[in-house]
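# Secondary and tertiary structure notes
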Amino acid sequence: MTEPRKTAFNSILKDFAENVGKFYKGADVLAGIRDEDVDVGTTPKTLVMRRDKVKLFRYEPTVKRTVETPVLIVYSLVGRYTIADLQPDRSLVRSLLAEGVNLWLIEWGKLGRAERWLTMDDYVDDYIHEAVHRICRETGHDKVTLLGICQGGVFTTCYAALHPEKVKNLVLTMTPIDFHADIDDPEPSHGLLNIWTRALAPEDIDRMVDALGVIPGELMSLIFSLMTPMQALTKYNVELFDIAGDKDRLMNFLRMEKWLADRQDHPSAAGRQWLKELYHENRLVEGRFELLGRIVDLRAIDVPVLNIFGLDDHIIPATCSKALGGQIGGTDYTEVPFQGVGHVGVLVSSKSQGKLAKSIVEWLQPRDG
């Protein structure tokens, strides 16, 4: 064997031995992890109100309050709120509490066919409205700050437009307002979800929700996976193999996978509104979206607004979120763009940890009086 071939062969053997070592080490680490160890949403909280499957929680304070006005987190129906409390070192909830925020949360519960008749009207004008009134009774405040995330941001935007007397401030993260703003976005990866959704024939949406009673969580998981196909193909072999021997990194991976797998069904009536009236017809930004017979007029929002979005968000393109600035009636409007992070990354990436909560709190404190 020539010297170059011998060198190459030895290099291959060395790599093989290292990979075998990684495999066995990873197998040992994985074998020692139980399902209950992969815990998400663990920040202590107290149940204050239950309405149907919907629960209102108050988080226990951890430091002296620096923001007295109650802040209510409203998450999407598409996933679970636990992405905002994924693990101690990647938790918007814990970071806000550490900054002294008076924090509350709506949990929608495990949704299924029993909730098929619930509309966005119900979520905005019933569940959120009752939660806001209960928070006000519990705290003595007459207004709350709403912190809407993704679809939850659309709910809170609608609530602020219809009930401005109950809203002190509005904070939005990764929230679509103009569902067609991505059409002119030059970045081809932005707005793939919008393109796919708009390509659905309205009658096909009706057939699906009429037949199933829900938009299945499994279907939504598949759609989101197909938007990043290479990552979906490699994360269970290449990525998992690389991190399996590092317990901390492996736990990060497993918690994210647990959140991804815990995707509930979406109520059909609300889903029909979401897909047809917003994604297809873009009624919200055009001033034609109705809840309980009332137009949601974005110009009625005259409270301070903080709008946070990811510049590399391929699910909710930044252009769709930024559109809010030219629509509201108030002048106290602030944008905080996050560079280099995607949709979920705004909440859990290492680049955003601490920065997101500090941005919110530093903006809220002068508006808390």
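This text goes with the structure placed above it.
Residues numbered from 1 in each chain as written. Predicted model: local features only at pLDDT ≥ 70, side-chain atom pairs only at ≥ 80, totals over all residues. Heavy atoms only, no water.

## Thoughts on the packing of helix α3 (residues 120-139) against helix α10 (residues 268-280)
Interhelical geometry of α3 versus α10 gives an angle of 110° and a closest axis separation of 7 Å. By the angle class used here, α3 and α10 are roughly perpendicular. Contacts between α3 and α10 pair Met120, Asp121 and Tyr123 from the former with Ala270, Gln273, Trp274 and Leu278 from the latter. Classifying every residue of the contact of α3 with α10 by side-chain character gives five nonpolar, one polar and one charged. (Axes fitted to C-alpha atoms, helices over the stretch in contact; angles between N-to-C directions. Helix = DSSP H or I, 4+ residues; strand = E, 2+ residues; numbered from the N terminus. Parallel < 35°, antiparallel > 145°, perpendicular 65-115°, else oblique. Contact = heavy atoms within 4.5 Å. Nonpolar A, V, L, I, M, F, W, Y, C, P; charged D, E, K, R; others polar.)

## Looking at the nonpolar core
One broad trend across soluble globular proteins is that nonpolar side chains are buried collectively. If you look at the biggest cluster of nonpolar residues, it comprises 99 residues, and the most contacted ones within it are Leu72, Trp108, Ile149 and Ile360. Top contributing element to this core by residue count: α3, with nine residues. When sequence neighbours within four positions are dropped, the list of residues in contact with Leu72 reads Leu56, Trp104, Leu105, Ile106, Ala131, Val132, Ile135, Thr145, Leu146 and Leu147. (Core = buried A, V, L, I, M, F, W, Y, C linked by side-chain atoms within 4.5 Å. Buried < 20%, exposed > 50% of the residue type's maximum accessible area, 1.4 Å probe, protein only.)

## Re empty space enclosed by the protein
Here the structure, examined in full by the defined rule, presents two cavities of 30 Å³ or more. Reported here for the largest cavity is a volume of approximately 60 Å³. Every residue lining the largest cavity is listed: Tyr75, Ser76, Gly79, Arg80, Tyr81, Glu107, Trp108, Gly109 and Gln264. Split into classes, the residues belonging to the lining of the largest cavity amount to three nonpolar, four polar and two charged. Of the voids in this model, the second largest cavity is the one considered here, and its volume is about 50 Å³. In terms of lining residues, the second largest cavity is bounded by Ser91, Leu92, Ser95, Val346, Leu347, Ser352, Gln353, Gly354, Leu356 and Ala357. Elements with a contribution of two residues or more to the lining of the second largest cavity: α2 (92-98), α12 (345-348) and α13 (355-364). By residue class, the composition of the lining of the second largest cavity is five nonpolar, five polar and no charged. (1 Å grid on protein atoms, 1.4 Å probe; cavity = no way out; pocket = protein on both sides within 12 Å on 5 of 7 lines; lining within 4 Å. Points joined across faces, edges and corners; volume = space filled by probe spheres on them.)

## Re the side chain of Lys166
As for its position among the elements, Lys166 is in the loop between α4 (151-162) and β8 (167-173). Glu165 is the oppositely charged side chain nearest to the buried, salt-bridge-free Lys166, at an N-O distance of 6.7 Å. Contact partners of Lys166, with chain neighbours within four places excluded, come to Val132, His133, Cys136, Asp142, Lys143, Val144 and Tyr159. (Lys, Arg positive; Asp, Glu negative; His and termini not counted. Salt bridge = Lys/Arg side-chain N within 4 Å of Asp/Glu carboxyl O.)

## What about the packing of aromatic side chains?
Overall, the coordinates contain seven aromatic pairs when judged by the stated rule. Taking the centre distance of 5.4 Å and the plane angle of 90° together, the rings of Phe179 and Trp274 count as edge-to-face. Taken together, the residues span a long stretch of sequence, with Phe179 in the loop between β8 and α5 (192-199) and Trp274 in helix α10 at a distance of 95 residues. For Phe179, a relative accessible area of 1% translates into the label buried. Between Trp274 and Tyr279, the aromatic rings sit 5.8 Å apart at their centres with planes inclined by 80°, giving edge-to-face as the arrangement. Just as Trp274 is buried, Tyr279 falls in that class too. An aromatic cluster is built from Trp108, Tyr123, Tyr127 and Phe155, whose rings are joined through pairwise contacts. (Phe/Tyr/Trp six-rings, centres within 6.5 Å; stacked < 30°, edge-to-face > 60°.)

## Digging into the pattern of salt bridges
In this structure the tally under the stated criterion is 21 salt bridges. The residue Glu99 makes a salt bridge to Lys358 at a minimum N-O spacing of 3.0 Å. Taken as a pair, Glu99 in the loop between α2 and β6 (101-107) and Lys358 in helix α13 lie far apart in primary sequence, 259 residues in all. Classification of Glu99 by relative accessible area gives partly exposed; the value is 23%. The salt bridge involving Arg272 is made with Asp206; its shortest N-O contact spans 2.7 Å. Taken together, the residues span a long stretch of sequence, with Arg272 in helix α10 and Asp206 in helix α6 (residues 202-212) at a distance of 66 residues. For Arg272, a relative accessible area of 25% gives the class partly exposed. Because the salt bridges share partners, they merge into one network encompassing Arg80, Glu107, Lys110 and Asp262.

From the geometry alone we can't say anything about function, so treat these as descriptive.
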